[in-house]
Structures are given as structure tokens and as C-alpha cells.
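# Results of the structural survey
If you want the building blocks of each chain, they are given just below.
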Amino acid sequence: MSEVRQRPVQQPSSASKEQEQDRDRDREHNKIDSEEEEKQKPKKQHSRTKRYYDEDDARISLLDIVRVVVTLVLAFCGMSYYMTSRESFLWGYRPWFTRWPLVVQYFRGPINLTPEQLALYNGTDPSLPIYLAINGTIFDVSANRGMYGPGGSYNFFTGRDATRAFVTGCFQEDLTPDLDGAEELFIPVDDEDDEEERKLSSRDRKLRRERELRLAKAKVRETVAHWVNFYRDHKKYFEVGKVITPAKNDNASESESKPKPTKRPLCEAAQRNRPKRKDLKKEEAERKGKKSN
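Residues numbered from 1 in each chain as written. Predicted model: local features only at pLDDT ≥ 70, side-chain atom pairs only at ≥ 80, totals over all residues. Heavy atoms only, no water.

## Some thoughts on the overall build of the protein
The following threshold applies: Secondary structure counts use DSSP, requiring at least four H or I residues in a row for a helix and at least two E residues in a row for a strand, with both numbered from the N terminus. Buried means the residue's accessible area, taken with a 1.4 Å probe over protein chains only, is under 20% of the maximum for its type, while exposed means over 50%, and partly exposed covers the values in between. By the convention used here, residues are in contact when the closest approach between their heavy atoms is within 4.5 Å. Using a 1.4 Å probe, accessible areas were evaluated by the Shrake-Rupley method; residue-level cover was limited to the displayed protein chains.
Per the secondary structure count, the protein includes 12 helices and four strands. For the protein, the residues scored as buried account for 25% of the 293 residues in total. Intrachain contacts of the protein at a sequence separation of at least 6 include 60% that bridge at least 24 residues. About 22700 Å² of surface is accessible on the protein, with carbon and sulfur atoms providing 53% of the total.

## Notes on the pairing of strand E2 (residues 131–134)
Just so we agree on the cut-off: Pairing between strands is defined by DSSP: at least two bridges between the two strands are required.
Covered by surrounding structure in E2 are Tyr-131 and Ala-133 together with Leu-132 and Ile-134, the residues of both alternating faces. Bridge count between E2 and strand E3 (residues 137–140): four bridges; the pairing is antiparallel. In the strand pairing of E3, Tyr-131 is matched with Asp-140. Counting the residues in the hairpin turn of E2 and E3 gives two residues, including Asn-135, whose phi is positive at 55°.

## Concerning the sheet that holds strand E4 (residues 238–243)
Spelled out, the test is: Axis definition: a line fit to C-alpha positions, over the contact stretch in the case of helices; interaxial angles, taken between N-to-C directions, run 0 to 180 degrees.
Taken in spatial order, the four strands make up an open sheet running E1-E4-E3-E2, and their pairing is mixed. Strands at the two margins of the open sheet, each flanked by one partner only, are strand E1 (111–113) and E2. In this sheet, adjacent strand axes meet at a mean angle of 40° when their direction is disregarded. Together, E2, E3 and E4 form the strand contacts of helix H9 (residues 202–232), whose direction differs from that of E2 by roughly 150°.

## Focus on the packing of aromatic side chains
Here is the rule we go by: Here is the rule: rings of Phe, Tyr and Trp (six-membered ring for Trp) pair when centre to centre is within 6.5 Å. Planes less than 30 degrees apart are stacked, more than 60 are edge-to-face, and the remainder are tilted.
Applying the stated criterion across every chain yields a total of 15 aromatic pairs. Aromatic pair Tyr-154 and Phe-156: ring centres 6.2 Å apart, planes at 90°, arrangement edge-to-face. On the numbers, 4.3 Å between centres and 15° between planes, the contact of Phe-157 with Phe-166 is stacked. In this structure Phe-157 comes out as buried when scored by relative accessible area, which is 4%. Given the relative accessible area of 10%, Phe-166 is considered buried. An aromatic cluster is present here, built from Phe-139, Tyr-148, Tyr-154, Phe-156, Phe-157, Phe-166, Phe-171, Trp-227, Phe-230, Tyr-231 and Tyr-237 joined pairwise through their rings.

## As for the environment of Val-240
Mapping Val-240 onto the fold places it in strand E4. For Val-240, the residues in contact, after removing those within four places along its chain, are Gln-105, Gly-109, Pro-110, Ile-111, Tyr-131, Ile-138, Phe-139 and Asp-140.

## Some words on the pattern of salt bridges
The line we're drawing: Here, a salt bridge means any Lys or Arg side-chain nitrogen found within 4 Å of an Asp or Glu carboxyl oxygen.
On inspection of all chains with the given rule, the structure shows 11 salt bridges. A salt bridge links Arg-164 to Asp-174; the nearest nitrogen and oxygen atoms lie 3.5 Å apart. Here the residue Arg-164 occupies a position in helix H7 (residues 163–168), and Asp-174 occupies one in the loop between H7 and helix H8 (195–199), the gap between them amounting to 10 residues. This pair shows no difference in class: Arg-164 is buried, exactly as Asp-174 is. With its nearest N and O atoms 3.9 Å apart, the salt bridge here joins Glu-239 to Lys-242. Given the relative accessible area of 30%, Glu-239 is considered partly exposed. Counted as one network, the salt bridges with shared partners bring together Asp-190, Arg-208, Glu-212 and Arg-277.

## Let's talk about the pairing of E4
Taken together, the three bridges between E1 and E4 define a ladder with parallel strand orientation. Along E4, the bridge assignment pairs Leu-113 with Val-243. Two strands pair when backbone bridges link them, and E3 and E4 are joined in this way by four bridges, in the antiparallel orientation. Residue pairing for E4: Phe-139 is matched across the bridge by Glu-239.

Encoded structure:
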């Protein structure tokens, strides 16, 4: 026992101490590295999620596009409603499919009426529309019964083709589709006291008459086309069909015995409105004077 007690305690060597110190330093370094990694991980995740958020913000979704389009449409319609004094949301444009009578007429198709059938559509029967015709084309003017219905200022146009009245302005005498002789309205009236007129030969007069007649007929066609387009392009009226004339089975002898119809003379008001040749000459001389100056 005494030997055991007196045995000296073995002290660790310097080499083992250095190894332990190295291991302690390694553990400390590892601990520091792990702590730094833990600190860096949240930063990386935050930057990654931030990048994802930036990418999402940069994208334009379909809902965003719809919102922009709806906003522009509402602004467009609102501005039109304000600028047109509450008359239209589309700056005066009214598509045909928004007009119920026109939609019904579109599916029903064009109609063909004889003059006798057309006479029934003059507004006296409230169950029927109001029609008028120009140059054989029938238009529905029921949207303005106050003007074209019974008692209206233009009721005399309805139920008939009054093309001649639209040209001459004779609303009582010329309620007919016959345009024969209407070109006289645009041919100048000769001045019997004009010396230049007396000097013209019969050949010159004939050539001038033919030229003026061609121009006058062209003006008649232009006037008729103007009124046809007026009703065709009107926002309330629309075209519905044509006026047809039934064929007549007359014998040749009967047709030969009938006298040829004469030209319908102009009414007094139209005759007074014819241009005067002397006035035309003055206007032409003034134009030439302005050009020379």
C-alpha cells in the first residue's frame, strides 16, 4: 500500500497538450463557422424571396389588362355622353343592331309593294308603319310620326313615291315619281331683249340647248341621289324595300291607239325659281374679273 501511495502521478506530455489545444481550436473554429452559416442563411432566403417578389411585380396579369381596357371604354363612353349633350355614348354612331325595327326588318328581308299597297302605309292605320318612297326605294319613317304621321308637316310624302316633289319643291302639284321634264328647273331662262341671244344662230342655240340639257339631267340625278342617301343614312329611318309596277297585258293595237304622254310642265313656283341667263352671265363675268385680278 505504501508503494502505491508513494507512486508518482504521471504528468501529461507537452505533445498531448498541444493536440488537445489543437482540437479545442478546431472545435471553436467549427462553432464559429456554423454560427456564421446560420447567420447567412436567413439573408440568402430573404434575398431570394425578394427576387421572387420583384419578378411577380414585374409581370402584368390578364386581370390588369381587363381593368385598363374597361377603364378606357368607360372614359370613352362618358366623354361622348358629355360632349354630345347626353345623346350618344358612341359619339353619334349607332350600330344597326341596336335599333330594334331595323333588326326585325333585317330578318324579315326586303319587301316589294305596288303603288296601291304602298298607299296603305301613310300613317292612317296605327298598326302599320309609315313608308315613303324616293326613286322606287321605300323607307320606313315611323320613328318620326309627329312629322310624317297624320297632321304632320310632311305627311303628304307618305304612302307614295313623290320623287318629283323632292326635286322641284312643288309639294302639292308634283307628288309623283315622274321625273320627265323636271330637268327644265335647271335650264336657264333666255332673255328676249338680249342682243347677244339674237345674234346666235339656230345651230349654236341647238348645241347650247343639248349641253344644258345634259347638265340639267345630271343635276336631277344628283338631287335624287342626295335625298335617297339622306334617308338611307339617317339614324332614325331605314330602307325596307322597293316599289314595283305590275306588268300590264295590253294588246298591241290598244297600246298603239293610246297617245304618247307629254312632258309634265313645271309648277309655277319651280318655274319662277329657274335661273336667268343674264344673271349667269353676270356671275361668270365677275368670276373672270376676280381671276384676272
